[in-house]
Amino acid sequence: MKRRYFGTDGVRGRVGQMPITPDFVMRLGYAAGKVLTRTNKAGTTPVVLIGKDTRISGYMLEAALQAGLSSAGVDVMLSGPVPTPAVAYLTRALRLSAGVVISASHNPYHDNGIKFFSASGNKLPDDLELEMESLIDKPMECAPSESLGKAGRLDDARGRYIEFCKSTFPTDYDLRGLKIVVDCANGAGYSVAPCVFHELGAEVVTIGTEPDGMNINLNCGATDLRALSKAVVENQADLGIALDGDADRLMMVDATGKVYNGDQLLYLIAKDRMSFSDVKGVAGTLMTNMAVEVAFKEREIGFGRAKVGDRYVLEMLKEKGWLLGGEGSGHIICLDKHTTGDGIISALQVLSALRRHKTTLPEFISELILFPQTLVNVRVTSGFNWQENDEIRAEKERVEQELGDRGRVLIRASGTEPLIRFMVEAQDGKMAESFANRIAAKCPQAEA
């Protein structure tokens, strides 16, 4: 059955346009409630936790989602703004029926989305998402008054999650003596992340911690490292940590302001794990830099490429029985620490590695030299399929012939936006840039 509303990371779009409208979100909540009441233990009322990031539209969508769930007979707990992985953790820790996050992650404030977590803290299985889709367009049948769901606030969701994050850092170490700049992207981690690193002993300088509902991800956070790099140098800090709007992505910079992406940080975490445990394999994606794959092969560590999207990385990890996986964009999954990608916990794994080996970020992964990559995004009309475009396919074939074994080409549609992403990786950076632009030029752009 083909998905109509759910993408790789829930339902997402521009606020006020389908499907991110109050009416649709209410019906989505009702559909989710009907599925949960069917799958919940007989004689019990499902309880769902709703969290959100700092977008101004979160208030409206939270109310709509709550109304839909309550009308289906589901009790609701509201956490307020917390990171996406906090909802996954709290859902599991409190033995709830499901968790829902209102967030569009790294997108600008005018977008928003809804994503679900199961009772185990994992992304909702495909079959349940498809069942929800089948119910969305059917008439809503409100439960009898005596069966309507109730709603309440979850006390100290923030504090509970802070303690969970700290528990993933080795008790033998602390962060005393480290000066860290933390960029929270004016998003969901603004009141959580600084506390975690401070309580572990670091001197913390914060940026991106003044959300106003419209500045989430704006010139800050994991999608724009310029402010962080500048702040690290100006404050003579040891490291910089950048999260995205819902705090499930991580990027870092060293003392000189140099940026380290998800591929490099995943390699660092895996290298550290190899020093004290058996690492059977690591999962990346089609976008993972070839240098990472080569480095793992040299260490005789298995490596697999999943489709782009952290849900597919997670699927590969479970299929192969591995614990570590991630994406260059900063989604890093450490299944021995959490059920989902978590920017704060991933940062703690990097910091614990540096403490364990008494080294610095650039020193610990100095042997990993990334191949140059160029990524060109082209905005297209909704539903555009590049594989049906003869010009794009022909240019892709010509570039691949010219590259030979010196690089690779990857073209894919974004799972969250109407974009086609053209990526070329080559041993020569200028060659990668030229080829990526050549192919992208063949793609018809949507009108502004």
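Residues numbered from 1 in each chain as written. Predicted model: local features only at pLDDT ≥ 70, side-chain atom pairs only at ≥ 80, totals over all residues. Heavy atoms only, no water.

Chemist: What exactly am I supposed to notice about the sheet that holds strand β18 (residues 419–426) here?
Modeler: In any sheet, the strands associate via hydrogen bonds between backbone groups, in a parallel or an antiparallel arrangement. The strand order across the open sheet formed by three strands is β16-β18-β17, and the pairing between neighbours is antiparallel. Edge positions in the sheet fall to β16 (373–379) and β17 (407–413), since each has one partner strand and no second. Strand-to-strand twist across the sheet, computed as the mean angle between neighbouring axes with direction ignored, equals 10 degrees. Inspection of the sheet shows β16 paired to β18 by seven bridges, in the antiparallel sense. Bridge assignment links T374 to a residue of β18, and that residue is V424. (Pairing = 2+ DSSP bridges. Helix = DSSP H or I, 4+ residues; strand = E, 2+ residues; numbered from the N terminus. Axes fitted to C-alpha atoms, helices over the stretch in contact; angles between N-to-C directions.)

Chemist: Before we go on, may I ask you to explain a nonpolar patch on the surface in this structure?
Modeler: Residues I56, Y59, Y109 and M214 make up a contiguous nonpolar surface patch of about 420 Å² in total accessible area. Its location among the elements puts I56 in the loop between β2 (47–52) and α2 (58–71). (Patch = residues over 30% accessible without salt bridge, like charges linked within 9 Å, V, L, I, M, F, W, Y side chains within 5 Å. Areas by Shrake-Rupley, 256 points an atom, 1.4 Å probe, with all protein chains shown as cover. Salt bridge = Lys/Arg side-chain N within 4 Å of Asp/Glu carboxyl O.)

Chemist: Even after reading the chapter, I still don't get the sheet that holds strand β9 (residues 239–243), so can you show me in this structure?
Modeler: Spatial strand order, β8-β7-β9-β10-β11: five strands in an open sheet with mixed pairing. With partners counted over all chains shown, the strands left at the sheet margins are β8 (203–207) and β11 (259–260), one partner each. Where strand β7 (residues 179–183) meets β8, five bridges bridge the pair, whose relative direction is parallel. In the strand pairing of β8, V182 is matched with T206. Sitting on the sheet, helix α7 (residues 226–234) touches β7, β8, β9, β10 (250–253) and β11, and the angle it makes with β9 is about 155 degrees. (Contact = heavy atoms within 4.5 Å.)

Chemist: For this particular structure, what's the right way to read the packing of helix α8 (residues 262–274) against helix α9 (residues 290–298)?
Modeler: A pair of packed helices is captured by two measures, namely the crossing angle of their axes and the spacing between those axes. Direction vectors running N to C along α8 and α9 enclose 10 degrees, while the axes themselves pass 10 Å from each other. Considered as vectors, α8 and α9 are oriented roughly parallel to each other. Crossing angle aside, the handedness with which α8 passes α9 is right-handed. Between α8, through D263, Y267, A270 and M274, and α9, the contact on the second element is made entirely by V292, A295 and F296. (Parallel < 35°, antiparallel > 145°, perpendicular 65-115°, else oblique. Left-handed = near helix turned anticlockwise from the far one by under 90°.)

Chemist: How should the nonpolar core be read in this particular structure?
Modeler: One recurring pattern in soluble globular proteins is that nonpolar side chains are buried together. Counting residues in hydrophobic clusters, the biggest one holds 64 residues, and the most contacted among them are L175, F197, I241, I344, L348, L351 and L361. The greatest single-element share of this core, amounting to eight residues, is contributed by helix α11 (residues 343–356). Among residues more than four places away in sequence, those in contact with L348 are C165, K166, T168, F169, V196, F197 and L200. Core analysis: the second largest hydrophobic core is formed by 29 residues, Y5, V11, L65 and L124 among them. (Core = buried A, V, L, I, M, F, W, Y, C linked by side-chain atoms within 4.5 Å. Buried < 20%, exposed > 50% of the residue type's maximum accessible area, 1.4 Å probe, protein only.)

Chemist: So what exactly am I meant to see when it comes to the side chain of R421 here?
Modeler: Locating R421 in the fold gives a position in strand β18. Accessibility expressed as a relative area gives 11% for R421, which makes it buried. At 3.2 Å, the side chain of R421 forms a polar contact with the side chain of S414. Not counting the four nearest positions on each side in its chain, R421 is found in contact with L375, V376, N377, L410, I411, R412 and S414. (Polar contact = N/O pair within 3.5 Å; in protein donor to acceptor, adjacent residues only side chain to side chain.)

Chemist: How do you make sense of the pattern of salt bridges when you look at a structure like this?
Modeler: It is possible for side chains bearing opposite charge to pair when their charged atoms get close. In this structure the tally under the stated criterion is 32 salt bridges. Its salt-bridge partner being E163, residue K166 comes within 3.1 Å of it at the nearest N-O pair. Of the two residues, K166 and E163 are both situated in helix α5 (residues 157–167); the distance of three residues between them amounts to about one turn of the helix. Taking relative accessible area as the criterion, E163 reaches 44% and is therefore assigned partly exposed. One salt bridge connects D390 with R393, and the closest N-O pair in it is separated by 2.4 Å. With D390 and R393 both in helix α13 (residues 390–403) and three residues apart, this pair spans about one turn of that helix.

Chemist: Looking at this structure, I do not really get the pairing of β17. What am I missing?
Modeler: Consecutive residues of a regular strand have side chains that alternate between opposite faces of the sheet. The buried fraction of β17 amounts to six of the seven residues, a majority that puts the element mostly inside the structure. As judged from the seven bridges shared by β17 and β18, these two strands associate in the antiparallel manner. Each residue of the ladder has a partner; that of A413, found in β18, is I420. Hairpin remark: β17 followed by β18, antiparallel, with five residues in the connecting loop.

Chemist: Which parts of the structure should I look at to understand the packing of aromatic side chains?
Modeler: Any two aromatic rings considered together are summarised by their centre-to-centre distance and by the angle between their planes. Tallying each qualifying case throughout the model produces six aromatic pairs. Plain terms: the ring middles of Y89 and F164 are 4.0 Å apart, the flat faces sit at 10 degrees to each other, and that makes the pair stacked. Here Y89 is found in helix α3 (residues 84–93), whereas its partner F164 is found in helix α5, with 75 residues between them in sequence. Overall, Y89 belongs to the buried group, its relative accessible area being 16%. (Phe/Tyr/Trp six-rings, centres within 6.5 Å; stacked < 30°, edge-to-face > 60°.)

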